[in-house]
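Below, each chain spelled out in residue letters.
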Amino acid sequence: MNASVNPDMFYPGQDVVDQANVSEYEKMYQYSVENREEFWAEQADTLGWYKKWDSVLDESNAPFYKWFDGAEINIVHNAIDRHLENANRNKMAIIWEGENGQKRNFSYNGLNREVCQFANVLKSMGVEKGDIVTIYMPQIPELVFAMLACAKIGAVHSVVYGGFSTEALASRIDDAHSRVLITADGGWRRGKQIDLKSIANEAMQRSPSIEVCICVKNNELDVEMEPTRDFWLHDLKALPIAGSKCETEQTSSEDPLFILYTSGTTGTPKGMLHTHGGYAVYTSTTHRMAFDIKPQDRWWCAADPGWITGHSYIVYGPLINGATIMLYEGAPNYPYPNRWWQIIENYGINILYTSPTAIRGLMRFGERWPKKHDLSSLRLLGSVGEPINPEAWKWYHHVIGNDKCPIIDTWWQTETGGFMICPLPITPLKPGSATKPFFGNEMAIVDDDGNEVGTNEEGKLIVKNPWPGMARTVFKDDQRYADLYWSQDKDGKWIYLAGDSAKKDEDDYIWVIGRMDEVLKVSGYRLGTSEVESALVSHPMVTEAAAVGLPHELKGNAIHTYVILQAGIVGDKKLEQELRAHVGSEMGKIAMPECVEFVESLPKTRSGKIMRRVLKARALGQDEGDLSTLEE
Ligand code: WTA
């Protein structure tokens, strides 16, 4: 055995190393942080620009950075148009399978036709450059077409995850003042039809800015259509206005591409705003380097396009890289727990990228399900969304990857646009660590005073530099963006605060521990305690509520809630069920609390803030910590 071999590490096989797109990390990393602008300019040069940039990075108004300012680009020009001029034209872009076995495939040429038609439909409905279009859809190809159609004409998409419900959708429509909503009659989950249109109808009633609703027919639900507002997409596509040719709009590098709402510490979800140029460069570079994408690869990111993971690594990064994308609408274990493994075998998937919660969920059914299938096409595996526990990592590596596929554990956020910490296929791995920073990024772990903590000590994870994929602001709230994420160190240098706690070990591997704020990761989905609380308080019998996340074997975290009822009302099992269901119908099933406990009071600070930390410690039987600010 080589003397430098570390027994705690998993080393990639020689075949993986031999074909890696990036064959060396340390030197290139050093180069990328010392010559950040050159590094990113070199990556940007691999894309198609209508006009090149005046400056790579404009720091004059930090922390409102600009990347590739002065350049003209459209991300769709890179994700579709460029491929039509080469051998990718007839290559499969999207392979889609529905839960009930439906199959639809689109070549890059076919994708272009769909996106052009959709774009023409949007134009005919008066959508213009800069308008924000809300999209609320199941995981069907039309969701991807809708996003790309918006981007193509310079409109801004705001995708609301199809698992969210009425209030979540209504508040996002409202914040964006969307005039157009794109939705579907419904989706499929575990053999049942999900009635999206009636949720959309109620949301449109609550937020009346919507004048046009375009509805995709996806299942057989009999839905209510409001004749002056609602249109079937297939009817519109049949009109002469929906031709299959449409020019891609030239947008500036810094023109908005999308907003995506995500949960924060307080108040309403924040609309994180991403732009065309830097985001295109960042998503495609990270995808190409970390996942070693090859022209013949079939790539499956088993997330929902409605979350950032889907935006960056189902839609934009992979399409820019000309990959073939797998898209599946349905549950991983329907009708049997081999559904995913069957998909991998049937389509010869080479790279699977998913979440620890999905792995734990499938692991629970045992090895016999994956063992029924030939998974030998897999070359790389990926993980995202929360720290992956070593047991799940090892199962994924051994049972799914047959001990030969490196696990690319990617740490990043809605705000970062793409991977910030992740291995390359050549990186020796430690189960549970996302390893080292991606190129260009200097990360550190600091204490409350901003000083770096020692080896293996826990602290706050920060990024010490801007990067092209970063969100540019919180929609309509520059101040909130600057205050929440950025601060200046002693030398006046701007640093980005991720909101996670982490450690760095003796090999400089980073171990992300979890959120430090009131953000919950439930089954990898990001939710705010405040959103769950306001859903509870919107019930007429509730006066006050608190939500905390407690560890859960499958979900990572489960939501536990504490509720104070209106005077005179007594809480019982029935009311508990009613309140859980109420949160489900306001927010979506994923936000449904595990339990509702009725209490007389909540621990609060003297200034009236609920001390969730105390509730959590009590529930776990742990030390309640410093109670000096607790109100008597
Ligand atoms: C967590 C998801 C550990 C983290 C892309 C972060 C992770 C939050 C990892 C962002 C990982 C994501 N290891 N933790 N590999 N990936 N997280 O915005 O707490 O939905 O701050 O973006 O997920 O969640 P978001």
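Residues numbered from 1 in each chain as written. Predicted model: local features only at pLDDT ≥ 70, side-chain atom pairs only at ≥ 80, totals over all residues. Heavy atoms only, no water.

Side note on the confidence of the model for the chain
Moving on, step 1. Per-residue pLDDT for the chain has a mean of 95; in total, 99% of the residues score no lower than 70.
Moving on, step 2. On the interface metric, ipTM, the complex scores 0.99, and its pTM is 0.95. (pLDDT = per-residue confidence, 0-100.)

Let's talk about a positive patch on the surface
Moving on, step 1. A cluster of like positive charges, contributed by Arg 189, Arg 190, Lys 192, Arg 364 and Lys 589, occupies part of the molecular surface.
Moving on, step 2. Within the secondary structure, Arg 364 is located in the loop between helix H13 (356-363) and helix H14 (368-371).
Moving on, step 3. Look at Arg 364 and you get exposed, because its relative accessible area is 52%. (Patch = residues over 30% accessible without salt bridge, like charges linked within 9 Å, V, L, I, M, F, W, Y side chains within 5 Å. Areas by Shrake-Rupley, 256 points an atom, 1.4 Å probe, with all protein chains shown as cover. Salt bridge = Lys/Arg side-chain N within 4 Å of Asp/Glu carboxyl O. Lys, Arg positive; Asp, Glu negative; His and termini not counted. Charge placed at Lys NZ, Arg CZ, Asp CG, Glu CD. Helix = DSSP H or I, 4+ residues; strand = E, 2+ residues; numbered from the N terminus. Buried < 20%, exposed > 50% of the residue type's maximum accessible area, 1.4 Å probe, protein only.)

Looking at the site of the ligand
Moving on, step 1. Taken together, 17 residues lie near the ligand, and Asp 409, Thr 410, Thr 414, Lys 521 and Arg 526 sit nearest.
Moving on, step 2. Side-chain polar atom of Thr 414 to an oxygen atom of the ligand: 2.5 Å apart, as the coordinates give it.
Moving on, step 3. With the chains in place, 97% of the 520 Å² that the ligand exposes on its own is no longer accessible.
Moving on, step 4. Taken together, the elements giving at least two residues each to the shell around the ligand come down to helix H11 (308-320) and strand E26 (510-515).
Moving on, step 5. Grouping the constituent residues of the shell around the ligand by class yields 6 nonpolar, 5 polar and 6 charged. (Near = heavy atom within 4 Å. Polar contact = N/O pair within 3.5 Å; in protein donor to acceptor, adjacent residues only side chain to side chain. Nonpolar A, V, L, I, M, F, W, Y, C, P; charged D, E, K, R; others polar.)

Looking at the nonpolar core
Moving on, step 1. Ranked by size, the top nonpolar core spans 122 residues in total, and within it Phe 68, Leu 111, Ile 135, Leu 148, Ile 182, Ile 214 and Leu 461 carry the most contacts.
Moving on, step 2. Top element by residues in this core is helix H6 (residues 141-152). It accounts for 9 residues.
Moving on, step 3. Setting aside its immediate chain neighbours within four residues, Phe 68 contacts Trp 40, Ala 41, Ala 44, Trp 49, Trp 53, Ser 55, Val 56, Ser 253, Gly 277, Gly 278, Val 281 and Pro 468.
Moving on, step 4. Counting residues in each nonpolar core, the second largest holds 36 residues, with Ala 168, Ala 203, Leu 536 and Val 596 among its members. (Core = buried A, V, L, I, M, F, W, Y, C linked by side-chain atoms within 4.5 Å. Contact = heavy atoms within 4.5 Å.)

Focus: the pattern of salt bridges
Moving on, step 1. Counted according to the given criterion, the structure contains 38 salt bridges.
Moving on, step 2. Between Glu 367 and Lys 371 there is a salt bridge, with its nearest N and O atoms 3.5 Å apart.
Moving on, step 3. Arg 515 serves as the salt-bridge partner of Asp 517, at 2.5 Å between the closest nitrogen and oxygen.
Moving on, step 4. On the accessibility criterion, Asp 517 (22% relative accessible area) is partly exposed.
Moving on, step 5. In this structure Arg 515 comes out as partly exposed when scored by relative accessible area, which is 24%.
Moving on, step 6. Several salt bridges share partner residues, and in doing so they unite Glu 167, Glu 202, Arg 206 and Glu 586 into one network.

Notes on the sheet that holds strand E29 (residues 542-552)
Moving on, step 1. Read from one edge of the open sheet, 3 strands run E29-E30-E31, paired in mixed fashion. In this open sheet, the two edge strands, each paired with only one partner strand, are E29 and strand E31 (595-598). With strand direction ignored, the average angle separating the axes of adjacent strands in the sheet is 25°.
Moving on, step 2. Contacting E29 and strand E30 (556-565), helix H17 (residues 529-537) runs over the sheet at an angle of about 140° to E29. (Pairing = 2+ DSSP bridges. Axes fitted to C-alpha atoms, helices over the stretch in contact; angles between N-to-C directions.)

Some thoughts on the UniProt feature "domain: Acetyl-coenzyme A synthetase N-terminal" (unreviewed entry) in the chain
Moving on, step 1. Feature annotation in UniProt assigns "domain: Acetyl-coenzyme A synthetase N-terminal" (unreviewed entry) to the following positions: residues 25-79.
Moving on, step 2. A helix fraction of 42% and a strand fraction of 18% characterise residues 25-79, whose end C-alpha atoms lie 27 Å from each other. (UniProt positions renumbered as here; feature names shortened; annotations may be inferred.)

Looking at helix H10 (residues 276-290)
Moving on, step 1. The terminal C-alpha atoms of H10 lie 21 Å apart, and with 15 residues this matches the ideal 21 Å at 1.5 Å per residue to within 8%.
Moving on, step 2. Of all the 15 residues making up H10, 15 are buried; the element is thus mostly covered by neighbouring parts of the structure. (Expected span 1.5 Å × (residues − 1).)

Things to note about the sheet that holds strand E11 (residues 212-216)
Moving on, step 1. Taken in spatial order, the 8 strands of this open sheet run E12-E11-E8-E6-E7-E14-E15-E23, and their pairing is mixed. The open sheet has two edge strands with one neighbour each: strand E12 (230-232) and strand E23 (473-474).
Moving on, step 2. Pairing of strand E14 (residues 256-262) with strand E15 (residues 270-275) involves 6 bridges; the strand directions are antiparallel. Looking at the pairing, Pro 256 lines up with Thr 275 of E15.
Moving on, step 3. Helix H8 (residues 196-206) rests against strand E6 (132-137), strand E8 (180-184), E11 and E12 of the sheet, and its axis sits at about 155° to E8.
Moving on, step 4. Packing of H11 onto the sheet brings it into contact with strand E7 (156-161), E14 and E15, and relative to E14 it is tilted by some 145°.

Brief notes about the side chain of Lys 270
Moving on, step 1. The residue Lys 270 is located in strand E15 in this model.
Moving on, step 2. There is a polar contact of 2.8 Å between the side chain of Lys 270 and the side chain of Tyr 485.

Quick look at the packing of aromatic side chains
Moving on, step 1. Using the criterion set out here, one finds 41 aromatic pairs in the structure.
Moving on, step 2. Taken together, a centroid distance of 5.0 Å and an interplanar angle of 50° make the contact between Tyr 161 and Trp 307 tilted. With Tyr 161 in strand E7 and Trp 307 in the loop between strand E16 (298-301) and H11, the pair connects residues that are 146 residues apart, well separated along the chain.
Moving on, step 3. Judged by relative accessible area, Tyr 161 falls into the buried class, the value being 11%. (Phe/Tyr/Trp six-rings, centres within 6.5 Å; stacked < 30°, edge-to-face > 60°.)

Some thoughts on unusual backbone geometry
Moving on, step 1. Cis geometry is adopted by the peptide bond preceding Pro 63, which originates at Ala 62 and carries an omega value of 5°.
Moving on, step 2. Relative to the helices and strands, Pro 63 resides in the loop between strand E1 (55-58) and strand E2 (66-69).
Moving on, step 3. The omega angle of the peptide bond from Tyr 334 to Pro 335 is -5°, so this bond is cis rather than trans.
Moving on, step 4. Mapped onto the elements, Pro 335 comes out in the loop between strand E17 (324-329) and helix H12 (339-347).
Moving on, step 5. A positive phi angle is found at Asn 402, which is not glycine, with a value near 50°.
Moving on, step 6. Phi is positive for Thr 435, close to 70°, though the residue is something other than glycine.
Moving on, step 7. Note on placement: Thr 435 falls in the loop between strand E20 (407-409) and strand E21 (443-446).

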